[in-house]
Number of protein chains: 2
Amino acid sequence: MSNITLKELAMKLGISVSTVSKALNDSFEISDETKQRVRDMADEYNYRPNILAKSLKTGRSNTIAVIIPYLANPFQSQILEGAQQAANERNYKLVFMQSRENAELEADSLRTLHQQNIDGVIITPSADSNLKYLKQFHQLCPLVLVDRIDFDLPTFKIGVNNEKGAFDATQHLIDMGRTDILVLCGKNIGVSQKRIAGYKKALLANYITAKEENIIQVDYGQSREDLIKNLTNLLANKLKEHDNPIGLLGTTDTLTVNALGILSKLEISVPAQVAVIGFANTEIAESLNPSLSTIIQPAFEIGYKGVEKLIQMVESKNRFQIDFDTTILDTTIIQRRSSKA
Amino acid sequence: MSNITLKELAMKLGISVSTVSKALNDSFEISDETKQRVRDMADEYNYRPNILAKSLKTGRSNTIAVIIPYLANPFQSQILEGAQQAANERNYKLVFMQSRENAELEADSLRTLHQQNIDGVIITPSADSNLKYLKQFHQLCPLVLVDRIDFDLPTFKIGVNNEKGAFDATQHLIDMGRTDILVLCGKNIGVSQKRIAGYKKALLANYITAKEENIIQVDYGQSREDLIKNLTNLLANKLKEHDNPIGLLGTTDTLTVNALGILSKLEISVPAQVAVIGFANTEIAESLNPSLSTIIQPAFEIGYKGVEKLIQMVESKNRFQIDFDTTILDTTIIQRRSSKA
DNA sequence: TTGTAAGCGTTATCAC
DNA sequence: GTGATAACGCTTACAA
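None of these values were measured; they are calculated from a predicted model. (Residues numbered from 1 in each chain as written. Chains lettered and ligands numbered in written order. Predicted model: local features only at pLDDT ≥ 70, side-chain atom pairs only at ≥ 80, totals over all residues. Heavy atoms only, no water.)

Visitor: Help me understand helix α6 (residues 103-115) of chain B in this model?
Guide: Since there are 3.6 residues in each turn of an α-helix, residues three or four apart along the chain are aligned in direction. All names here are of chain B. Compared with the 18 Å implied by 1.5 Å per residue over 13 residues, the 18 Å span of α6 between its first and last C-alpha is a close match. Taken residue by residue, α6 has A103, E106, A107, S109, L110 and L113 as its buried positions. Down the axis, α6 shows its buried residues gathered within 155 degrees of arc, on one side only. Looking at the buried side of α6, the elements it contacts are β1 (63-68), β2 (93-98), β3 (120-123), α7 (131-140) and β4 (143-146). If you check the start of α6, you find a side-chain oxygen 2.8 Å away from the backbone N of E104, and it comes from N102. Once α6 finishes, N117 follows within two positions and takes phi at roughly 65 degrees, a positive value. (Helix = DSSP H or I, 4+ residues; strand = E, 2+ residues; numbered from the N terminus. Expected span 1.5 Å × (residues − 1). Buried < 20%, exposed > 50% of the residue type's maximum accessible area, 1.4 Å probe, protein only. Arc of directions from axis to C-beta. Contact = heavy atoms within 4.5 Å. Polar contact = N/O pair within 3.5 Å; in protein donor to acceptor, adjacent residues only side chain to side chain.)

The structure is reproduced here in structure tokens:
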């Protein structure tokens, strides 16, 4: 029924508990013969160490956490998947929390996790995250930043090459003959600046003047309403003037898919009137009408690497002396019908 | 830095550890005065009990798990969200695993969780789940079934009224003037039978003869290829014959969205040529072109209730004597452009 | 009403 | 190479 314990194994073997413990931990102090006997017996009785006891002893719970803004966001949920896999492979438990782009919920989550004896946390900070609090928390508990990594926090960071991703996407739209290019991005989410920079660089490289009004910043809270209003006005004008061929770059899953929905409601044809490409990590892109060209981020890998780094920190003797590095992964571009010439 | 312990508190207060422990647990043995002194001191030093020690003592880890087939499935991820919230409110940690519709991975996950001293598990069994193994596991560790609940396992079950959901959807298509109605469903996923039954009932109620060829069963493994082939052939014939107005009912998120993508590639217009409605728990439905009519399942609530029931079982004195009940929740229907007359 | 002490299952220190 | 023993922080009989 309940698991056999070290003590019971020791009794059966007629040796001491500490010897059994050492044998199972492959200590150099124990003879090969004893080790073998112990291991055989352990197998026979299907011994499983009591993690709870081990935890109490070592002070570590073998549990780490992921905090993301929204599980419903496919990109973020893929980060979680990667983290889950890495945690699993290393026999760590993984719990997750959502911050809902809310600094207070984020802080609450961190507090809860800390009380629950979590060994470390991987976080994509919320849009209005409180850096001071993160720093303070990092003193108590290892923290790794993923995706939104533009924070002045001495730790491991895993992100993507946002500038290059946005550059490639913009260049693609230009290659498709679009010279008037809108860009949608979330307010305050850290990655936006780099993406806008990439967008501008691409324009510059093609001798196209960047217009500030083409950069639409959307607040997460009322993203849909904001977006509908802004997009509708802007496009109405542009399409009336019959100026330059229009392109649209969405810098997040949600914004891009929403924008497609809005265009469809406005009966603006894609790609004929507006060519669209977006950062999007969902298979649904293929099934959209028209299918959506995307910049794909290696979300799974971000989560996976995040856990590797975190565990490295958790298990290190002195986590304040680690040589922290930042990992930047590349995006890939997939062309579909939404941006065909 | 590190948390203050009971022992240290006791020292400071000049009383014994057990008195402090009892005071903090509001034991009737302790005087109000002492309780107050202890609580004040505990607050002052920001005392947090060491969960690990408590766990070792009680034998429970205060951690529960959710196993779902795919996190990428919006319906399933919403179940997870609900579970997460309920767990959080009760100060339980929640870990999750994916079975990828694979009985072996599922069993592996259960084993891993059991070794990790999980207190209980909420599971949506995979398509080919091994009932025997589930039963066996349930002897060791509390199990609650969610969504796919048609299993002969004596435990709490939370699901939706699949028959009624499918009935409503089919009736809606009929109301929209469709009399030749296709239905897409996953093979072996338990809920399909009920949904097909609802579909047939609706046809019957409207004096429409059910045709077996209209029921398309798709294997998860090669769902996309299967679907493309089946749908393409079937629709090609139907559209050639210009018979009855066609409707399409998708019984899962994935199938429905994929079907929409396929229709769009085949340049079949929705809803003019084929009206579509599907079980789908994603906001993206609104942004699709055309926007997708959906049957929405109360996924969050399923997860939430699942955790409530599970914790009830975990904390009960004798979990083998509980009066297990099954909760059936209703679906709601949202009409959008994909099924407009 | 409060205190003493055992024990949960490990690991680690030190003696033999 | 092996074994006693303490310790991790808490709960809980039982003693006072």
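So that's the structure; there's more coming.
Visitor: I keep staring at the sheet that holds strand β8 (residues 246-250) of chain A and nothing clicks. Help me out?
Guide: What links the strands of a sheet is backbone hydrogen bonding, and the strands pair in either a parallel or an antiparallel sense. Residue and element names in this part refer to chain A. Overall, mixed pairing links the 6 strands, which are arranged β7-β6-β8-β9-β10-β12 in an open sheet. Each of the sheet's edge strands pairs with one partner strand only, and the pair in question is β7 (215-218) and β12 (332-334). Taken pair by pair, the neighbouring strands of this sheet meet at an average axis angle of 15 degrees, ignoring direction. Across 4 bridges, strand β6 (residues 180-186) lies against β7 in parallel orientation. Directly across from V183, in β7, lies its bridge partner I215. (Pairing = 2+ DSSP bridges. Axes fitted to C-alpha atoms, helices over the stretch in contact; angles between N-to-C directions.)

Visitor: Got a minute to help me understand the pairing of strand β5 (residues 157-160) of chain B in this structure?
Guide: Each regular strand carries side chains that alternate between the two faces of the sheet. Residues and elements named next belong to chain B. Both faces of β5 are covered, namely the face carrying K157 and G159 and the face carrying I158 and V160. Pairing between β5 and strand β11 (residues 326-329): 4 bridges, direction parallel. Of the residues in β11, the one forming a bridge with K157 is T326.

Visitor: Help me understand the protein's contact with DNA strand C, please; the structure alone is not making it clear to me.
Guide: Around DNA strand C, 25 residues are found, and the nearest of them are A:Y47, B:S18, B:T19, B:K22 and B:T34. Considering DNA strand C, the proportion of its atoms within 4 Å of the protein that are sugar or phosphate atoms stands at 58%. Within the contact set of DNA strand C, a phosphate oxygen lies 2.8 Å away from a side-chain nitrogen or oxygen of A:Y47. One of the side-chain N or O atoms of B:K22 is found 2.4 Å from a base oxygen in DNA strand C. Taken together, the elements giving at least two residues each to the surface near DNA strand C come down to α1 (6-13), α2 (17-24) and α4 (51-58) of chain A together with α2 (17-24) and α4 (51-58) of chain B. (Near = heavy atom within 4 Å.)

Visitor: Is there a simple way to think about the environment of B:N230 in this case?
Guide: Residue and element names in this part refer to chain B. Considering the arrangement of structural elements, one finds N230 in helix α10 (residues 223-241). N230 gets classed as partly exposed once you look at its relative accessible area, which sits at 26%. Considered as a pair, N230 and G186 are 44 residues apart in the sequence and their alpha carbons are 13 Å apart.

Visitor: Would you mind showing me how to read the protein's contact with DNA strand D here?
Guide: A:T19, A:K22, A:K57, B:L6 and B:Y47 are the nearest of the 25 residues found near DNA strand D. When the atoms of DNA strand D within 4 Å of the protein are sorted by group, sugar and phosphate make up 55%. At 3.4 Å, a side-chain N or O of B:K57 approaches a base oxygen of DNA strand D. Mapped onto the surface near DNA strand D, the elements with two or more residues apiece are α2 and α4 of chain A together with α1 (6-13), α2 and α4 of chain B. The biggest single contributor to the surface near DNA strand D is α2(B), with 4 residues.

Visitor: Would you take a moment to explain the relation of the copies chain A and chain B for this structure?
Guide: Two copies of one chain are present, and they are related through a rotation about an axis combined with an axial shift. Note on the identical chains: chain A maps onto chain B by a rotation of 180 degrees and an axial translation of 0.0 Å, with an RMSD of 0.2 Å. Interpreted geometrically, this transformation is the action of a two-fold axis. Ranked by how close their C-alpha atoms come to the rotation axis, the residues of chain A are headed by A:V95, at 2.3 Å. (Least-squares fit on C-alpha atoms with pLDDT ≥ 70 in both.)

Visitor: I'm lost on the pattern of salt bridges in this one. Help?
Guide: Pairs can form between side chains of opposite charge whenever their charged atoms are close. Counted by the stated rule, this structure contains 36 salt bridges over all chains. Salt-bridge contacts for A:R148 lead to A:E101; the nearest nitrogen and oxygen are separated by 2.9 Å. Of the two residues, A:R148 sits in the loop between β4 (143-146) and β5 (157-160) while A:E101 sits in the loop between β2 (93-98) and α6 (103-115), which places them 47 residues apart along the sequence. Accessibility assignment for this pair places A:R148 and A:E101 in one class, buried. Here B:E212 and B:K200 are joined by a salt bridge, their closest N and O atoms 3.2 Å apart. Taken together, the positions of B:E212 in the loop between α9 (191-205) and β7 (215-218) and B:K200 in helix α9 put the pair 12 residues apart, joining distant regions of the chain. (Salt bridge = Lys/Arg side-chain N within 4 Å of Asp/Glu carboxyl O.)

Visitor: Help me understand the domain arrangement of chain A in this model?
Guide: By a widely used convention, the size of an interface equals the accessible area lost when the partners come together. Taken as a whole, chain A is organised into domain 1 (6-48), domain 2 (57-160 + 299-329) and domain 3 (162-297). Placing the centre of domain 1 of chain A and that of domain 2 of chain A at their C-alpha centroids yields a distance of 37 Å. (Domains from an automatic or database assignment.)

Visitor: Where do I start with the side chain of B:N258 in this structure?
Guide: For B:N258, the location among the structural elements is in helix α11 (residues 253-265). Of note is the side chain of B:N258, whose polar atom sits 3.2 Å from the side chain of A:S287.

Visitor: Would you take a moment to explain the sheet that holds strand β6 (residues 180-186) of chain B for this structure?
Guide: Residues and elements named next belong to chain B. Reading across from one edge, β7-β6-β8-β9-β10-β12 is the order of the 6 strands in this open sheet, with mixed pairing throughout. Each edge of the sheet is formed by a strand with only one pairing partner; in this case those strands are β7 and β12 (332-334). The sheet shows a mean angle of 15 degrees between the axes of neighbouring strands, direction not considered. As defined by bridge partners, strand β9 (residues 274-279) adjoins strand β10 (residues 293-296) across 3 bridges and the pair is classed as parallel.

Visitor: Would you mind going over helix α8 (residues 162-175) of chain A with me for this structure?
Guide: Residue and element names in this part refer to chain A. With 14 residues, α8 extends 20 Å between its outermost C-alpha atoms, agreeing within 8% with the 20 Å of an ideal straight helix rising 1.5 Å per residue. Turning to α8, its buried residues number three or more, namely N162, G165, A166, A169, T170, Q171, H172, L173 and I174. G177 occupies a position one or two residues after α8 and carries a positive phi of about 90 degrees.

Visitor: I tried to follow the UniProt feature "domain: HTH cro/C1-type" (unreviewed entry) in chain A on my own but got confused; where do I start?
Guide: UniProt's feature table lists "domain: HTH cro/C1-type" (unreviewed entry) at residues 3-52 of chain A, given in the numbering used throughout. The distance separating the terminal C-alpha atoms of residues 3-52 of chain A is 13 Å; by composition the span is 62% helix and 0% strand. (UniProt positions renumbered as here; feature names shortened; annotations may be inferred.)

Visitor: Looking at this structure, how should I read the packing of aromatic side chains?
Guide: A complete count under the given rule lists 5 aromatic pairs over all chains for this structure. Ring plane angle 85 degrees and centroid distance 6.3 Å describe the contact between A:F96 and B:F96, whose orientation is recorded as edge-to-face. Taken as a pair, A:F96 in strand β2 and B:F96 in strand β2 lie in two separate chains rather than in one. B:F96 shares its class with A:F96; the two are buried. Sitting over the ring of A:F279, A:R195 keeps its end group 4.1 Å from the ring centre. (Phe/Tyr/Trp six-rings, centres within 6.5 Å; stacked < 30°, edge-to-face > 60°. Lys NZ or Arg CZ within 6 Å of the ring centre and 35° of its normal.)

Visitor: Honestly, the UniProt feature "domain: HTH lacI-type" (unreviewed entry) in chain A in this entry has me stumped. Any pointers?
Guide: Residues annotated in UniProt with the feature "domain: HTH lacI-type" (unreviewed entry) correspond here to residues 4-58 of chain A. With 67% helix and 0% strand, residues 4-58 of chain A has end C-alpha atoms that lie 21 Å from one another.

Visitor: Honestly, the interface of chain A and chain B in this entry has me stumped. Any pointers?
Guide: The interface of chain A with chain B comprises 46 residues on the first partner and 46 residues on the second. Together, the buried faces of chain A and chain B total about 4,200 Å²; carbon and sulfur atoms form 56% of this surface. Our enumeration of links across chain A and chain B arrives at 4 salt bridges. Here A:E81 makes a salt bridge to B:R100, at a shortest N to O gap of 3.6 Å. (Buried area = accessible area lost by both parts, 1.4 Å probe.)

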